[in-house]
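The chain contents come next:
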Amino acid sequence: MQSKISAKEVNVYYGSNHVIKHVSLDIFSNEVVAFIGPSGCGKSTFLRLLNRMNDFIESFRMEGQIFIDNEDIYDKKINVEELRKKVGMVFQKPNPFPKSIYENVVYGLRIQGIKNKKQLDEVVERTLKQVGIWEEVKDKLNQSALALSGGQQQRVCIARTLAVEPSVVLMDEPTSALDPISTATIEELIYHLKKDYTIVIVTHNMQQAGRVSDRTAFFYMGELVEFSDTKELFTNPKVDLTQKYITGRFG
């Protein structure tokens, strides 16, 4: 299979602190990959490498290579803004802008200079349907997104990510601030989205990784300990450390 994302011998340092150690992995198109591991193990840092969000951290330094669609995303010639259109990001806490639902969804398109109302209307309807919230909000698109519930806000944020047509969607603990019903809705959404997107999700919830992902990567102290089919990893881990983590003996 052709890799969508390929990391080769990746090391990350914050100053002299070595936070990612010799990680190599491949992620394929239209699969959901979960990153699990205890707090501070490097899973969110690794996720943020994929759309160069760590570039904002002053002491950040990376060695190794990461390819998306066979393109080295740390090459000096890469346009980082273009990369972030292709690799969307959904954060831990819903972060809608203090604007209407409509303006939240089309925000990225407006930045690109798209003004055609018909086109914007179509994108709003398509993406809000994709995230399963269209029927709930179609009559209040001009109301503030901040008036929505947490679960609805997170779905609007996912719609905003999808509106610029990325091919990869990164999710950093996207349900940790949500109630169980909203969490189940987002998990179901992830399942439906994978036919159109490659999804990488960081989660501290192992049951969630088991429910939504095709493959799971277990990180510990900056190292990739094990990466395999999710069912296999949870029922028959190859590494003793993985076994200890998933059975709750540490973490």
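In this report, the structure presented in the accompanying data block is examined.

Reading guide: rules and limits
Here, residues in each chain are numbered from 1, in the same order as that chain's written sequence. Selection of residues for local features in this predicted model requires a pLDDT of at least 70, selection of side-chain atom pairs for listing and counting requires 80 or more, and totals for whole chains, interfaces and linings are taken over all residues. Derived side-chain values reflect all non-hydrogen atoms in the structure, with water molecules and hydrogen atoms excluded from consideration. Segments assigned H or I by DSSP are reported as helices when at least four residues long, segments assigned E as strands when at least two residues long, and all are numbered from the N terminus. One less than the residue count of a helix, multiplied by 1.5 Å, gives the span that helix is expected to have. Between buried and exposed lies partly exposed: a residue is buried under 20% and exposed over 50% of the maximum accessible area for its type, with that area taken using a 1.4 Å probe on protein chains only. The arc in question is traced by the directions running from the helix axis to the C-beta atoms. Any two residues having at least one pair of non-hydrogen atoms within 4.5 Å are treated as being in contact. Here a polar contact means two N or O atoms within 3.5 Å. Within protein one must be a hydrogen donor candidate and the other an acceptor candidate, and residues neighboring in sequence count only if both atoms are side-chain atoms. Think of it this way: DSSP has to see at least two bridges between two strands before they count as a pair. In this description, a line fitted to the C-alpha atoms serves as the axis of each element, helices being fitted only across the stretch in contact, and the angle between N-to-C directions of two axes falls anywhere from 0 to 180 degrees. Every angle not falling under 35 degrees, over 145, or within 65 to 115 is termed oblique; those three ranges are roughly parallel, roughly antiparallel and roughly perpendicular. Handedness of a crossing is defined here by the sense of rotation of the near helix relative to the far one, left-handed for an anticlockwise turn of less than a right angle and right-handed for a clockwise turn. Side-chain classes follow a simple rule in which Ala, Val, Leu, Ile, Met, Phe, Trp, Tyr, Cys and Pro form the nonpolar group, Asp, Glu, Lys and Arg form the charged group, and the remainder, Gly included, forms the polar group. A positive count includes Lys and Arg, and a negative count includes Asp and Glu. His and the chain ends are not counted in either. Think of a salt bridge as a Lys or Arg side-chain nitrogen and an Asp or Glu carboxyl oxygen that are within 4 Å of each other. A cavity here means a set of points on a 1 Å grid, drawn over the protein atoms and nothing else, where a 1.4 Å probe fits but cannot get out; a pocket is an open set with protein on both sides within 12 Å along at least five of seven lines, and a residue lines either one if it has an atom within 4 Å of a point. Grid points are joined across faces, edges and corners, and a volume is the space filled by probe spheres set on the points.

Examining helix H4 (residues 117–130)
Link 1 in the chain: With 14 residues, H4 ought to run about 20 Å at 1.5 Å a step, and its terminal C-alpha atoms sit 20 Å apart, in line with that.
Link 2 in the chain: Turning to H4, its buried residues number three or more, namely Leu-120, Val-123, Val-124, Thr-127 and Leu-128. For H4, the buried positions fall inside an angular range of 115° around the axis, keeping them on one side.
Link 3 in the chain: Along its buried surface, H4 packs onto helix H3 (101–111), helix H5 (134–137) and helix H6 (150–163).
Link 4 in the chain: The backbone nitrogen of Lys-118 has a side-chain oxygen 2.9 Å away, supplied by the residue at the start of H4, namely Asn-116.
Link 5 in the chain: Residue Gly-132 follows H4 closely and has a positive phi angle near 70°.

Structural notes on the pairing of strand E6 (residues 87–90)
Side-chain direction in a regular strand flips from residue to residue, so the side chains alternate between the two faces of the sheet.
Link 1 in the chain: Burial along E6 is two-sided: Val-87 and Met-89 and Gly-88 and Val-90, pointing in opposite directions, are all buried.
Link 2 in the chain: Pairing analysis gives four bridges linking E6 to strand E7 (residues 168–172), with the strands arranged parallel. Pairing of Val-87 across the sheet is with Val-168, part of E7.

Concerning the packing of H4 against H6
Link 1 in the chain: In contact at an axis separation of 9 Å, H4 and H6 are set at 125° when each is read in the N-to-C sense. The orientation of H4 with respect to H6, classified from their angle, is oblique. Of the two elements, H4 crosses H6, and the hand of that crossing is right-handed. Residue-level contacts link Val-123, Arg-126, Thr-127, Leu-128 and Gln-130 of H4 to Val-156, Ala-159, Leu-162 and Ala-163 of H6.
Link 2 in the chain: Of the residues assigned to the contact of H4 with H6, the class counts are six nonpolar, two polar and one charged.

A few points about the side chain of Asp-172
Link 1 in the chain: Along the polypeptide, Asp-172 turns up in strand E7.
Link 2 in the chain: For the buried Asp-172, no salt bridge exists, and the shortest N-O distance to an oppositely charged side chain is 4.1 Å, to Arg-48.
Link 3 in the chain: A polar contact of 3.0 Å, which involves the side chain of Asp-172, links it to the side chain of Ser-44.
Link 4 in the chain: If near-sequence neighbours (up to four positions away) are discounted, Asp-172 is found in contact with Ser-44, Leu-47, Arg-48, Met-89, Val-90, Phe-91, Gln-92 and Val-202.

A word on the layout of surface pockets
Link 1 in the chain: Looking at the largest pocket, its volume works out to about 630 Å³.
Link 2 in the chain: Along its surface, the largest pocket is lined by 21 residues, and Arg-84, Met-89, Tyr-107, Gly-108 and Val-164 are the ones closest to its centre.
Link 3 in the chain: Of the residues forming the lining of the largest pocket, the biggest block, four residues, is contributed by E6.
Link 4 in the chain: Of the residues belonging to the lining of the largest pocket, the class tally is 11 nonpolar, six polar and four charged.

Focus on the pattern of salt bridges
Link 1 in the chain: According to the stated counting rule, one finds 20 salt bridges in the structure shown.
Link 2 in the chain: Between Asp-75 and Lys-77 there is a salt bridge, with its nearest N and O atoms 3.7 Å apart.
Link 3 in the chain: By relative accessible area, Asp-75 is classed as partly exposed at 29%.
Link 4 in the chain: Its relative accessible area of 73% is what places Lys-77 among the exposed residues.
Link 5 in the chain: Salt bridges sharing partners connect three or more residues here, namely Lys-4, Asp-69 and Lys-86.

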